[in-house]
Amino acid sequence: MTEEPQEHDSEEIAAKSAVNAGPGAPRQNALRLVAAALILRGAEVLICQRRPDQPMALQWEFPGGKLEPGESPEAALKRELEEELGITATVGPRVTHIRHNYRHGGAVDLQFFAVYEFEGEIENRIFHEVKWVRLEDLPSYDFLAADRGLIRDLAQGKLL
Ligand SMILES: Nc1nc2c([nH]c(=O)n2[C@@H]2O[C@H](COP(=O)(O)OP(=O)(O)OP(=O)(O)O)[C@@H](O)[C@H]2O)c(=O)[nH]1
């Protein structure tokens, strides 16, 4: 189990300071605190594809989203899973914690939690596609850059 943030693809850090330097520029460099779910069903996990109209279009990610001020990661994740998939999840143990600097999008602090139980039927409310895939097949999907170390570890049976 990985407890401390890992820096994946840290060569992107230097590039980020070159963009959005002007005074009126968007605050894209603020650290975004995010909680995401590894929803497990036997040897499979649920993955979600971003829509064509979103940044990082059509890349795959795990369901979840940003923490609201004062919200715990578990509460944020439960809320996001209701909103995105229409399920009431029991948020299980934290599996890993990753910090990543996106080249054009600032930094994210991601906490991933296992979800072994939920109530309701999974309903795709916001994604292009949602799909159950075997852990060993994860590397054949184009995941967001921050997730790639995790994908390798999951496929090799290292984390779960
Ligand atoms: N839900 C989720 N977000 C992830 C993952 N990996 C990763 O880098 N992220 C990043 O974490 C942020 C989650 O924000 P969000 O879900 O609330 O909203 P969003 O995609 O519309 O992003 P934005 O509001 O920053 O543009 C995004 O910037 C997303 O790119 C992941 O596996 N799951």
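Computed from a predicted structure; not experimentally measured.

(A) Representation of the site of the ligand within the structure. Taken together, 17 residues sit near the ligand, with Arg-32, Phe-62, Lys-66, Tyr-102 and Asp-147 positioned nearest. The side chain of Tyr-102 places a nitrogen or oxygen atom 2.6 Å from an oxygen atom of the ligand. One nitrogen or oxygen atom from the side chain of Asp-147 is found 2.5 Å from an oxygen atom belonging to the ligand. Coverage of the ligand by the protein amounts to 81% of the 600 Å² it exposes when considered alone. Those elements giving two or more residues to the shell around the ligand turn out to be strand S2 (32-41), strand S5 (64-66) and strand S7 (106-119). Residues belonging to the shell around the ligand are distributed by class as follows: ten nonpolar, two polar and five charged.

(B) Representation of the pairing of strand S6 (residues 88-102) in the model. Inspection of the sheet shows S6 paired to S7 by twelve bridges, in the antiparallel sense. Bridge pairing links Thr-96 to Phe-112 in S7. As consecutive antiparallel partners, S6 and S7 are separated by three residues.

(C) Seen up close, the environment of Tyr-116. Tracing the sequence through the fold places Tyr-116 in strand S7. Since its relative accessible area comes to 51%, Tyr-116 is described here as exposed. As for Tyr-116 and Arg-99, which are separated by 17 residues in sequence, their C-alpha atoms are 24 Å apart. If we ignore the near neighbours within four places in the chain, the residues touching Tyr-116 are Leu-40, Thr-90, Pro-93 and Leu-160.

(D) Here's a closer look at helix H2 (residues 73-85). Taking 1.5 Å as the rise per residue, H2 with 13 residues should run 18 Å; its terminal C-alpha atoms sit 17 Å apart, in good agreement. Those residues of H2 that are buried lie in contact with S2, strand S3 (44-49), S5, S6, S7 and strand S8 (129-134). Two residues or fewer past H2, Gly-86 is found with a positive phi of approximately 70°.

Analysis parameters
- Along every chain, residues carry numbers that run from 1 in the direction the sequence is written.
- Given that the model is predicted, a residue must reach a pLDDT of at least 70 before its local features are reported, and side-chain atom pairs must reach 80 or more before they are shown or counted; all residues, however, enter totals for whole chains, interfaces and linings.
- Working from all heavy atoms in the structure, the side-chain values ignore hydrogens and water.
- We define proximity as follows: a residue is near a molecule or strand when any one of its heavy atoms falls within 4 Å of that partner.
- Pairs of N or O atoms are called polar contacts if they sit within 3.5 Å, as long as, within protein, a hydrogen donor faces a hydrogen acceptor (for residues adjacent in sequence, only side-chain-to-side-chain pairs).
- Surface accessibility follows the Shrake-Rupley procedure with a 1.4 Å probe radius. Residue values consider only the protein chains on display as shielding.
- The secondary structure listing takes helices from DSSP runs of H or I that are at least 4 residues long and strands from runs of E that are at least 2 residues long, numbered from the N terminus.
- Residue type decides the class: Asp, Glu, Lys and Arg count as charged, Ala, Val, Leu, Ile, Met, Phe, Trp, Tyr, Cys and Pro as nonpolar, and the leftover types, Gly among them, as polar.
- We treat two strands as partners when DSSP finds at least two bridges between them.
- Type-normalised accessible area, obtained with a 1.4 Å probe on protein chains alone, sets the label of each residue: buried when under 20%, exposed when over 50%, and partly exposed for intermediate values.
- A contact between two residues is defined here by any heavy atoms of the two lying within 4.5 Å.
- Expected span, for any helix, means 1.5 Å times one less than how many residues it has.

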